[in-house]
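Chain and residue survey
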Amino acid sequence: MKSLRTRLLVGMIGSFALLLLVFGLVIDASIEYMLVREFDFYLETVGRTLAAAVDHGRAGIRVKLVPEALPDIQQVEGELFSQYWTDDGAVLAKSTNLSSNNLPRFHAAAGQPQIRTFVLPDGRHARAAGMRFPLPGDRRHLTVVVARDTSDLESHVWELRWLLLAAGAGTMAVGAVVSVGVIRRSLMPLGRLASAIAAIREEDLAARIPADKMPDEMVPVVQRLNELLGRLEQAFVRERSLTADIAHELRTPVGGILSTAGVALTSDRAPAEYQEALEDVRGIARRMRSMIESLLMLARLDFQAAGFQQERIHLRDLVSSCWQRFHNIAAARGLVFENHVPDDVSLLSDPDALSIVFSNLLENAAEYSNECGTVRVNARNADGAVELEVANTGCTLSEEQVAHVFDRFWRADPSRKDSSSHAGLGLALVRRIATSLGGTASAEGNDDEFTVRLRLPAAI
């Protein structure tokens, strides 16, 4: 039953069979009811006719029995029997075909006929109508019972049932053939969709599946597939762009290492000059290691492989500790640092992850603030979360540029000719860590000030 075609076929044929069964049972019961009702009406008519055929005079009670008195009624299928009783139970008369046997004596009140089913002495099934009627001009009553065997009635009912069964089987066969054709035709759009998907190649992810010729029920599926193709296309574009960016970012420091080493090896030099060249190479290697570590951290976060620990963190102390790393750089540029984080603001989070976040934010702020500018940190508790702001003066980014600050390897100078040692991974890492911690990160640049806002849950 894994096949959709099989499920639909079984469902359609099963539903069709159930409907035919219910319909056949209703038709069978209805026709049988009508035939039995007609049969009973005939018995009731004969009974009333026989009751009216009784003569009561001076010579006594004279009964005209079938078939002598009722030749027309005898032109029916099935043998007819009749019998009369007086009030004291004596048999007044009966039809000759009963011989020594008797019919069951019964009647209903108020002259209404009563219908019963019984078995004749010879084993045949029969139905009988019994009624009690007064004698004309007399207080006495007679009871008459008219019976007729139901062999022909049962034969007609069974013929009807076999006819219904044959018609149902034929209808089921035709319905199965039609169902197979309808299901095959109905599932053709799925085959076309599969072919369209199979035709899409890795180098042609911009292709989309047309939905105009698809059934309405499949349009949402096609739309979701096209959205998935769009996301895959963007992912491949980002992958290619990331590869190009990494190659570009690594080419510069590798080139610096080769250049420094080449210059140092062109001629014999004093030990101090060799030491200076090695210091330059080590500085370049440290920047490369920082970029590689940031990439590895982003990769672990993307694959949710980074584990976080929960500790109670006092944000004011953490911010001050992170700023100490850039104190000398800030002092050389005349920057003013303002830590406005209240002492009572704390949260449960991973201290190492938050250290990376604040270190990147404060390093960017110290790097890109204007000379003698200000770096400011604010925080507050808000609805079970902590909202933080890291702002620096001297923002020269446009609104469009601010929208890209969290992109990996993005820098304001697209040619990467700025003198900064940043690779454009700091803010990307900030947002990814904040998201992994269950928070959010956003940026805003206005009034010559650049601000990064974080919202972190009080407990993760």
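Everything in this summary refers to the structure shown in the same document.

Quick notes on the rules
Residues numbered from 1 in each chain as written. Predicted model: local features only at pLDDT ≥ 70, side-chain atom pairs only at ≥ 80, totals over all residues. Heavy atoms only, no water. Helix = DSSP H or I, 4+ residues; strand = E, 2+ residues; numbered from the N terminus. Rg over C-alpha atoms; globule rule 2.2 N^0.38 Å. Buried < 20%, exposed > 50% of the residue type's maximum accessible area, 1.4 Å probe, protein only. Contact = heavy atoms within 4.5 Å. Areas by Shrake-Rupley, 256 points an atom, 1.4 Å probe, with all protein chains shown as cover. Lys, Arg positive; Asp, Glu negative; His and termini not counted. Charge placed at Lys NZ, Arg CZ, Asp CG, Glu CD. Pairing = 2+ DSSP bridges. Axes fitted to C-alpha atoms, helices over the stretch in contact; angles between N-to-C directions. Phe/Tyr/Trp six-rings, centres within 6.5 Å; stacked < 30°, edge-to-face > 60°. Lys NZ or Arg CZ within 6 Å of the ring centre and 35° of its normal. Polar contact = N/O pair within 3.5 Å; in protein donor to acceptor, adjacent residues only side chain to side chain.

This next bit is on the overall build of the protein chain. Scanning the protein chain for helices and strands turns up 10 helices and 14 strands. For 460 residues, the compact-globule formula gives about 23 Å, and the C-alpha radius of gyration of the protein chain, at 51 Å, lies well above that figure. Seen through its principal axes, the protein chain has C-alpha atoms that stretch 165 × 55 × 35 Å. Here the protein chain, with 460 residues, has 34% of them falling under the buried criterion. Expressed as a percentage of contacts within the protein chain between residues at least 6 apart in sequence, the contacts between residues at least 24 apart total 64%. Surface summary for the protein chain: the accessible area is close to 27,300 Å², and the carbon and sulfur share equals 56%. Taking the average location of the 49 positive side-chain charges in the protein chain and that of its 58 negative ones, the two points are 8 Å from each other.

Taken in spatial order, the 5 strands of this open sheet run 4-3-7-6-5, and their pairing is antiparallel. Since the sheet does not close on itself, it has two edges, and those belong to strand 4 (91-94) and strand 5 (114-119), each with one partner. Here the strands of the sheet are splayed against their neighbours by 20° on average, with no regard to which way each runs. Relative to strand 4, strand 3 (residues 80-86) runs antiparallel, the two sharing 3 bridges. In the strand pairing of strand 4, Tyr 84 is matched with Ala 93.

Turning next to the packing of aromatic side chains. By the definition in use, this model includes 1 aromatic pair. With 4.3 Å between their ring centres and 10° between their planes, Trp 323 and Phe 337 make a pair best called stacked. Of this pair, Trp 323 sits in helix 6 (residues 315-323) while Phe 337 sits in strand 9 (residues 336-340); the two residues are 14 residues apart in sequence, bridging distant segments of the chain. Residue classification places Trp 323 among the buried residues on the basis of a relative accessible area of 5%. The aromatic ring of Tyr 42 is capped on one face by Arg 148, whose charged end is 4.7 Å from the ring centroid. One cation-aromatic arrangement involves Arg 431 over Phe 406; the distance from NZ or CZ to the ring centre is 4.1 Å.

Within the secondary structure, Ser 179 is located in helix 2 (residues 151-186). For Ser 179, a relative accessible area of 8% translates into the label buried. Separated by 2.7 Å, the side chain of Ser 179 and the backbone oxygen of Gly 175 make a polar contact. Other than its neighbours up to four places away in sequence, Ser 179 contacts Leu 9 and Met 12.

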